Amino acid sequence: MATIEQTTEIGAPANRGGSAGHDAHATATGVTNKKLGMWLFLASDCLFFGAFIATYLLYRGRDTVGPGPRLLFDIPFTSATSFILLMSSLTMVLALAAIQRGDERRLRIWLLATALLGATFIAGQVFEFTEFNREGLALDTNLFGSTFFILTGFHGAHVTAGIIWLMSLWGMASQGRLKQPDSEKIEIAGLYWHFVDVVWIVIFTVIYLVPQPGNPGG
């Protein structure tokens, strides 16, 4: 008994029976290496998003030339695309539940649904960027343009990466290479996807919902 406890403390694999599943990669923290790596990645990503959000707030309302947010924002449209993105978190949860039950058909359905909802959000963001550009806002137009496009574009890149990830998982599931014991792959992808959604709630609130200070740029 003493030998077993000592081995567990130094982080040796707890599963000595050779059973399948992610327990074979369990660490002393109780979290597998892959999942721990994802948590560390998300923690580092929090710093990037935090820095971009802080920069946006720091320069908010300091423009002397337009166009500004009050002239450009279409809150109902962005609220609709935000709702679509948040609904993708629900379909992601359903995909994880499906693979944990061994229901491969529903796993494929919910993975595809999640990717399509994310793609719809990205399409809305591209449309919004295009409209802003037509109104005269570019990355180098003013402080608002620089901070807005960098922050929302950085988030959009994360969503796009998530869509590619989900489609690759959907392809694996379609080929029968994603089975019930592989549920951790869906769980880790879900962690990333939920993180992207939660970050967007913060960004949407800070940029679109918090009242804009009056400035000559509008």
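Residues numbered from 1 in each chain as written. Predicted model: local features only at pLDDT ≥ 70, side-chain atom pairs only at ≥ 80, totals over all residues. Heavy atoms only, no water.

**Considering the packing of helix H5 (residues 104-134) against helix H7 (residues 183-209)**
Argument step 1. Where H5 meets H7, the axes come as close as 13 Å, and the angle between the chain directions of the two elements is 30°. It follows from the interaxial angle that H5 and H7 lie roughly parallel. Crossing of H5 against H7: the hand is left-handed. Facing H5, whose interface residues are Leu107, Leu111, Thr114, Gly118, Phe121, Gln125 and Glu128, H7 presents Ile186, Trp193, Trp200 and Tyr208.
Argument step 2. The class makeup of the residues in the contact of H5 with H7 is seven nonpolar, three polar and one charged. (Axes fitted to C-alpha atoms, helices over the stretch in contact; angles between N-to-C directions. Helix = DSSP H or I, 4+ residues; strand = E, 2+ residues; numbered from the N terminus. Parallel < 35°, antiparallel > 145°, perpendicular 65-115°, else oblique. Left-handed = near helix turned anticlockwise from the far one by under 90°. Contact = heavy atoms within 4.5 Å. Nonpolar A, V, L, I, M, F, W, Y, C, P; charged D, E, K, R; others polar.)

**What to know about the nonpolar core**
Argument step 1. Ranked by size, the top nonpolar core spans 45 residues in total, and within it Leu107, Leu111, Phe148, Leu178, Ile186, Ile203 and Ile207 carry the most contacts.
Argument step 2. Elements supplying a minimum of two residues to this core: helix H2 (33-59), helix H4 (75-101), H5, helix H6 (143-174) and H7.
Argument step 3. Looking at which element gives the most residues to this core, the answer is H7, with 15 residues.
Argument step 4. Once residues lying within four places of it in the same chain are set aside, the contact partners of Ile186 are Met92, Ala95, Leu96, Ile99, Leu107, Leu111, Leu169 and Leu178. (Core = buried A, V, L, I, M, F, W, Y, C linked by side-chain atoms within 4.5 Å. Buried < 20%, exposed > 50% of the residue type's maximum accessible area, 1.4 Å probe, protein only.)

**Details of H5**
Argument step 1. Here H5 contains 31 residues, and its C-alpha end-to-end distance of 45 Å stays within 8% of the 45 Å for a straight helix at 1.5 Å per residue.
Argument step 2. Taken together, the buried positions of H5 are occupied by Leu107, Leu111, Thr114, Ala115, Gly118, Phe121, Ile122, Gly124, Gln125, Glu128 and Phe132.
Argument step 3. A side-chain oxygen of the first residue of H5 lies 3.4 Å from the backbone nitrogen of Arg105; this N-cap is Asp103.
Argument step 4. Within two residues after H5, Gly136 carries a phi angle of roughly 105°, on the positive side. (Expected span 1.5 Å × (residues − 1). Polar contact = N/O pair within 3.5 Å; in protein donor to acceptor, adjacent residues only side chain to side chain.)

**Here we look at the side chain of Asn142**
Argument step 1. Here Asn142 shows up in the loop between H5 and H6.
Argument step 2. What makes Asn142 buried here is its relative accessible area of 8%.
Argument step 3. Engagement of the side chain of Asn142 in a polar contact is seen with the backbone nitrogen of Gly145, the distance being 2.7 Å.
Argument step 4. Non-local contacts of Asn142, meaning those with residues more than four positions away in its chain, are made with Asp63, Val65, Gly66, Pro67 and Leu137.

**Focus: the confidence of the model for the chain**
Argument step 1. This prediction gives the chain a mean pLDDT of 87; 85% of its residues lie at or above 70.
Argument step 2. Within the model, pLDDT remains below 50 along residues 1-22, and this stretch shows 12 contacts once partners closer than five positions in the same chain are excluded. (pLDDT = per-residue confidence, 0-100.)

**Points about the packing of aromatic side chains**
Argument step 1. Per the stated rule, a full pass over the model turns up 22 aromatic pairs.
Argument step 2. Where Phe49 meets Phe154, the ring centres are 4.9 Å apart and the plane angle is 55°; that geometry is what we call tilted. Linking Phe49 in helix H2 with Phe154 in helix H6, this pair joins segments that are 105 residues apart in sequence.
Argument step 3. Among the residues examined, Phe49 registers a relative accessible area of 4% and is labelled buried. (Phe/Tyr/Trp six-rings, centres within 6.5 Å; stacked < 30°, edge-to-face > 60°.)

**Remarks on the side chain of Thr81**
Argument step 1. When you line up the elements, Thr81 lands in helix H4.
Argument step 2. Among the residues examined, Thr81 registers a relative accessible area of 9% and is labelled buried.
Argument step 3. Setting aside residues up to four positions removed in sequence, Thr81 forms contacts with Phe121 and Gly124.

**Things to note about H4**
Argument step 1. In this model H4 runs 40 Å from its N-terminal to its C-terminal C-alpha over 27 residues, within 8% of the 39 Å that 1.5 Å per residue would give.
Argument step 2. For H4, the full list of buried residues reads Thr78, Thr81, Ser82, Leu85, Ser88, Ser89, Thr91, Met92, Ala95, Ala98 and Ile99.
Argument step 3. If you follow the buried residues of H4, they end up packed against H5, H6 and H7.
Argument step 4. Where H4 ends, the next residue or the one after it, Gly102, has phi of about 80°, a positive value.

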